[in-house]
Amino acid sequence: MEYILIFITAVFVNNIVLSQFLGICPFLGVSQKVNTAIGMSGAVAFVLVLATLVTYFVQYQILNPLGLQYLQTICFILVIAALVQMVEIILKKVAPPLYQALGVFLPLITTNCAVLGVAIAVIQKDFTLVESIVYAFATAIGFGVALIVFAGLREQLAMVNIPKGMRGVAITLVTAGLLSLAFMGFSGVDGGLKLLFGIE
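The model shown is predicted, which means the values in this text are computed figures rather than measured ones.

1. Thoughts on a nonpolar patch on the surface
Together, Met-166, Val-174, Leu-178, Leu-181 and Met-184 line one region of the surface with nonpolar side chains, adding up to about 470 Å² of accessible area. Within the secondary structure, Leu-178 is located in helix α9 (residues 169–184).

Following this line, the structure appears as structure tokens:
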């Protein structure tokens, strides 16, 4: 039951983009078309789960035993950057079609602060390995939902006659703000589920 609660909370209540404001760069930059948003969402989901798994072991098998917790951020940044490069090289050799589909997005993920944010949040929340993977996957789903919905809204806005002063960045930010407000409607859902299932 706790895994379902973690999943629902990460996707809707504490959405990584719309509630925690992490991963804003790809959210605004790669959301012109739904197809592009779907590709980016898939790439982020893959890297996010993999990075969380690796950084979890780095934290608990290397940093904690050696008393080097203060190097967490630097180590995680290096691990994520190396991981994305390795994934890119492996995909290029093993699965060229998949590399062609994700190739454009993989370098962008290296600088996506959502990946680092999730890796650090997992340690701060003191999750187990399974909880960490569920949280990372749910966060990736939440990122994907927000990105795809936002891309759909932007595609619709492209067909509307918007006042001159609101075109471009202005209407994009207003739309993002309204989408964030819509997701605020889910706040309290996690508390209700905890009461329903008797989870403390």
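2. Digging into the packing of helix α3 (residues 34–66) against helix α7 (residues 113–124)
Two elements in contact, α3 and α7, have axes whose closest approach is 9 Å; the angle formed by their N-to-C orientations is 45°. Taken as axis vectors, α3 and α7 run oblique relative to one another. Here α3 and α7 pass one another in a crossing that is right-handed. Along its contact with α3, which presents Leu-48, Ala-51, Thr-52, Thr-55, Tyr-56, Gln-59 and Tyr-60, the element α7 presents Ala-114, Val-115, Val-118, Ala-119, Val-122 and Ile-123. Classifying every residue of the contact of α3 with α7 by side-chain character gives 10 nonpolar, three polar and no charged.

3. Some words on α9
Between its terminal C-alpha atoms α9 stretches 23 Å, which fits the 22 Å expected from 16 residues at 1.5 Å a residue. Considering only its buried residues, α9 is in contact with α1 (2–13), α2 (24–29) and α8 (129–157).

4. Some details on the nonpolar core
The biggest cluster of nonpolar side chains holds 53 residues, and the ones touching the most others in it are Phe-27, Phe-76, Ile-109 and Tyr-135. Of all elements in the fold, only α1, α3, α4 (72–94), α6 (106–110), α7, α8 and α9 reach the threshold of two or more residues within this core. Per-element accounting of this core gives the leading share, 11 residues, to α3. Ignoring anything within four residues of it in the chain, the contact list for Tyr-135 reads Ile-6, Ala-10, Gln-20, Val-118, Ala-121, Val-122, Lys-125 and Phe-127.

5. Focus: α4
Because an α-helix packs 3.6 residues into every turn, residues spaced three or four apart end up facing the same way. Compared with an ideal rise of 1.5 Å per residue, which puts 23 residues at 33 Å, α4 spans 32 Å between its outermost C-alpha atoms and is within 8% of the ideal. Turning to α4, its buried residues are Gln-72, Phe-76, Val-79, Ile-80, Leu-83, Val-84, Val-87, Glu-88 and Leu-91.

6. Examining the environment of Asn-14
Locating Asn-14 in the fold gives a position in the loop between α1 and α2. Note on Asn-14: relative accessible area 32%, which makes it partly exposed. Considered as a pair, Asn-14 and Val-130 are 116 residues apart in the sequence and their alpha carbons are 19 Å apart. Ignoring any residue separated from it by four or fewer positions in sequence, one finds Asn-14 in contact with Thr-9, Ser-19 and Gln-20.

7. Some details on the side chain of Thr-172
Along the polypeptide, Thr-172 turns up in helix α9. What makes Thr-172 buried here is its relative accessible area of 10%.

8. Let's talk about the environment of Leu-153
Within the secondary structure layout, Leu-153 lies in helix α8. Classification of Leu-153 as partly exposed rests on a relative accessible area of 34%. In this structure, the C-alpha to C-alpha distance between Leu-153 and Val-134, residues 19 residues apart in sequence, is 28 Å.

9. A short note on the packing of aromatic side chains
The description of an aromatic ring pair rests on the distance of the ring centres and on the angle between the ring planes. Counted by the stated rule, this structure contains five aromatic pairs. With centroids separated by 6.5 Å and ring planes inclined at 35°, the aromatic side chains of Phe-7 and Phe-137 adopt a geometry described as tilted. Note that Phe-7 is positioned in helix α1 and Phe-137 in helix α8, a separation of 130 residues in sequence. Under the relative-accessibility criterion, Phe-137 is labelled partly exposed at 40%. Each member of the aromatic cluster is reached from another via a ring pair, and the members are Tyr-56, Phe-57 and Tyr-60.

10. What about unusual backbone geometry?
The backbone phi angle of Phe-21 is positive, close to 55°, even though this residue is not glycine. The residue Asp-126 is not glycine, and still its phi comes out positive at about 60°.

11. Notes on the packing of α4 against α7
One way to put it is that α4 packs onto α7 with a least axis distance of 10 Å and a crossing angle of 130°. Considered as vectors, α4 and α7 are oriented oblique to each other. As α4 packs across α7, the resulting crossing turns out to be right-handed. Two secondary-structure elements touch here, α4 through Gln-72, Thr-73, Phe-76, Ile-77 and Ile-80 and α7 through Val-115, Leu-116, Ala-119, Ile-120 and Ile-123. Grouping the constituent residues of the contact of α4 with α7 by class yields eight nonpolar, two polar and no charged.

Parameters at a glance
Residues numbered from 1 in each chain as written. Predicted model: local features only at pLDDT ≥ 70, side-chain atom pairs only at ≥ 80, totals over all residues. Heavy atoms only, no water. Patch = residues over 30% accessible without salt bridge, like charges linked within 9 Å, V, L, I, M, F, W, Y side chains within 5 Å. Areas by Shrake-Rupley, 256 points an atom, 1.4 Å probe, with all protein chains shown as cover. Salt bridge = Lys/Arg side-chain N within 4 Å of Asp/Glu carboxyl O. Helix = DSSP H or I, 4+ residues; strand = E, 2+ residues; numbered from the N terminus. Axes fitted to C-alpha atoms, helices over the stretch in contact; angles between N-to-C directions. Parallel < 35°, antiparallel > 145°, perpendicular 65-115°, else oblique. Left-handed = near helix turned anticlockwise from the far one by under 90°. Contact = heavy atoms within 4.5 Å. Nonpolar A, V, L, I, M, F, W, Y, C, P; charged D, E, K, R; others polar. Expected span 1.5 Å × (residues − 1). Core = buried A, V, L, I, M, F, W, Y, C linked by side-chain atoms within 4.5 Å. Buried < 20%, exposed > 50% of the residue type's maximum accessible area, 1.4 Å probe, protein only. Phe/Tyr/Trp six-rings, centres within 6.5 Å; stacked < 30°, edge-to-face > 60°.

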